[in-house]
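Analysis of the macromolecular model
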Amino acid sequence: MGSKPLNLSFETLKSLVPSAFTIAILGAIESLLSAVVADGMTRTRHDPDSELVALGIGNIACPFFGGIPATGAIARTATNIRYGARSPVSSIVHAAFTLVVVLLFAPVVSYLPMAALAALLMLIAYNMSEVKHFVRILRVAPKSDTWVLLLCFSLTVIFDMVVGVTVGILFAAMLFMDRMAGLTSGKFLGVSHAGLERAVPHDTLIYEISGPFFFGAAERAVSAFRHTNKKFHNVIFLMEGVPVMDITGLVAFESLIQDLYHQKAKLFIVGLRTQPASVINRSKFVVSKHIEIADSMESILSSGKLLNK
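Figured I'd write up the structure that's included with this text.

What counts, and where the lines are drawn
- Residues numbered from 1 in each chain as written.
- Predicted model: local features only at pLDDT ≥ 70, side-chain atom pairs only at ≥ 80, totals over all residues.
- Heavy atoms only, no water.
- Axes fitted to C-alpha atoms, helices over the stretch in contact; angles between N-to-C directions.
- Helix = DSSP H or I, 4+ residues; strand = E, 2+ residues; numbered from the N terminus.
- Parallel < 35°, antiparallel > 145°, perpendicular 65-115°, else oblique.
- Left-handed = near helix turned anticlockwise from the far one by under 90°.
- Contact = heavy atoms within 4.5 Å.
- Nonpolar A, V, L, I, M, F, W, Y, C, P; charged D, E, K, R; others polar.
- Salt bridge = Lys/Arg side-chain N within 4 Å of Asp/Glu carboxyl O.
- Buried < 20%, exposed > 50% of the residue type's maximum accessible area, 1.4 Å probe, protein only.
- Expected span 1.5 Å × (residues − 1).
- Phe/Tyr/Trp six-rings, centres within 6.5 Å; stacked < 30°, edge-to-face > 60°.
- Pairing = 2+ DSSP bridges.
- Right-handed = clockwise from strand over helix to strand, strands pointing away.
- Polar contact = N/O pair within 3.5 Å; in protein donor to acceptor, adjacent residues only side chain to side chain.
- Core = buried A, V, L, I, M, F, W, Y, C linked by side-chain atoms within 4.5 Å.

Here helix H1 (residues 10-42) crosses helix H2 (residues 48-61) at 135 degrees, and the two axes come no closer than 10 Å. Here H2 runs oblique to H1, going by the angle between their axes. The two elements H1 and H2 meet at a crossing, and its hand is right-handed. Counting all contacts with H1, which are made through Gly27, Ala28, Ser31, Leu32 and Ala35, the residues of H2 involved are Pro48, Glu51, Leu52 and Leu55. Here the contact of H1 with H2 is built from residues that sort into six nonpolar, two polar and one charged.

Across all of its chains, the model carries three salt bridges by this definition. Salt-bridge contacts for Glu11 lead to Lys14; the nearest nitrogen and oxygen are separated by 3.5 Å. Placement of the pair is Glu11 and Lys14 together in helix H1, with a separation of three residues, close to one helical turn. Classification of Lys14 by relative accessible area gives partly exposed; the value is 46%.

Every α-helical turn comprises 3.6 residues, leaving residues that sit three or four positions apart pointing alike. For helix H9 (residues 161-182), which comprises 22 residues, the first-to-last C-alpha distance of 31 Å matches the rise-based estimate of 32 Å (1.5 Å per residue) to within 8%. Where H9 is concerned, the buried positions are Gly164, Val165, Gly168 and Ala181.

Okay, the packing of aromatic side chains next. Applying the stated criterion across every chain yields a total of four aromatic pairs. A ring pair is formed by Phe237 and Phe253, whose centres lie 5.1 Å apart and whose planes are at 75 degrees; its orientation type is edge-to-face. Remark: Phe253 occurs in helix H11 (residues 247-262) and Phe237 occurs in strand S3 (residues 234-241); sequence separation between them is 16 residues. Neither residue differs from the other here; Phe237 and Phe253 are each classed as buried.

On to the pairing of S3. Most of S3 sits inside the fold, with six of its eight residues counted as buried. Summarising the sheet, strand S2 (residues 204-210) and S3 pair through six bridges and their orientation is parallel. Looking at S3, one finds that Leu205 is bridged to Val235. One ladder, built from five bridges, connects S3 with strand S4 (residues 266-270); its direction is parallel. In the sheet register, Leu238 faces S4, and the bridge partner there is Val270. Chirality of the crossover, the property in question, places the unit of S3, H11 and S4 among those that are right-handed.

Contact pair helix H7 (residues 131-140) / helix H8 (residues 143-158): the axes reach a minimum separation of 9 Å and the direction vectors enclose 140 degrees. As the angle between them shows, H7 and H8 are arranged oblique. Here Phe134, Ile137 and Leu138 of H7 lie close against H8, whose contacting residues are Thr146, Leu149, Leu150 and Phe153. Residue classes in the contact of H7 with H8 are distributed as six nonpolar, one polar and no charged.

Here we come to the side chain of Thr42. Positionally, Thr42 belongs in helix H1. At 2.7 Å, the side chain of Thr42 and the side chain of Thr44 are in polar contact. When residues no more than four places from it in sequence are discounted, the contact partners of Thr42 are Ile81 and Arg86.

For the rest of this paragraph, the subject is the pairing of S4. For S4, the tally of buried residues reaches four of five residues, placing the bulk of the element in the interior. In terms of strand pairing, S4 meets strand S5 (residues 292-294) through three bridges, oriented parallel. Bridged to Ile269 within S5 is Ile293.

To continue, consider the nonpolar core. Generally speaking, soluble globular proteins have nonpolar side chains that are buried together. Ranked by internal contacts, the top residues of the largest apolar core, which has 29 residues, are Ile209, Phe213, Phe225, Val235, Phe237, Met239 and Phe253. The set of elements that each furnish at least two residues to this core consists of S2, helix H10 (218-222), S3, H11, S4 and helix H12 (274-281). The element that contributes the greatest number of residues to this core is H11, accounting for six residues. When sequence neighbours within four positions are dropped, the list of residues in contact with Ile209 reads Ser185, Gly186, Ala221, Phe237, Leu238, Met239, Gly241, Val242 and Phe253. Counting 11 residues, the second largest nonpolar core, distinct from the first, contains Ile206, Ala294, Ile300 and Leu306.

All right, on to unusual backbone geometry then. Residues other than glycine seldom take positive phi values, yet Arg43 does so here, at roughly 60 degrees. Counting through the fold element by element, Arg43 comes out in the loop between H1 and H2. Owing to a relative accessible area of 78%, Arg43 belongs among the exposed residues under this scheme. Here the phi dihedral of Lys264 falls at roughly 60 degrees; this positive angle occurs in a residue that is not glycine. Note on placement: Lys264 falls in the loop between H11 and S4.

If you want it as structure tokens, here you go:
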């Protein structure tokens, strides 16, 4: 009423995008969480893609009719199931009933005491707060997850939901990267590795890399070579345990290969999975060094390409 029309500009978009992103993430998480709870109560399985597509279409369309973003609600979903709902038809009936009340009985609903509505909202808020789950997470979750939960909770209460969710996502992402980096390691293996039938030349170094080979873990995986001064004629990289590799991991790997190439070592890569193989095969540097890529140790030993001096 009497307000100026919203002008679409870069400044407007810049101010709206953070809140829109946060609301979208919250809506997706809340809806999927509601679906998981419903699955546990009904012993069914939901389709996450269908849930999010339907949620997105509904939230895109609702502002044109004066609506606000909505999500799947745990409290109402659980109540619906407790009273016998077992199919999406119950949600349709619920939505239709709510629409009828808004369109036809809004004047009657306006006579409801505000104190009663406040009490109802407090009950809904309590049901949605999942106090039991909150306490259980504090009791059994790792300390890092507990601190993220408390941080998000505090920021949401003190400031707003946008700040709480944004900071929470950033901290959760950093913790995830740290945990993934902790899974990545590199170690030297003896020449009798894996019960090979053929003898491995004594001047051969077998180095096994395992875990995700990305920017948070690449340096850790290749750091062992920084502490060895011995030169080898053959260096074999076992990479069967590397599920993924990113460009930063490739750069660290290329740096290691460069050092070994200057030492005139014959280099081999064994057991590449699909994704790391596609990254390494696109590297002109690796290809230019004529590095042998094999499926197994036995194929290298049987090929006679190992140097024995």
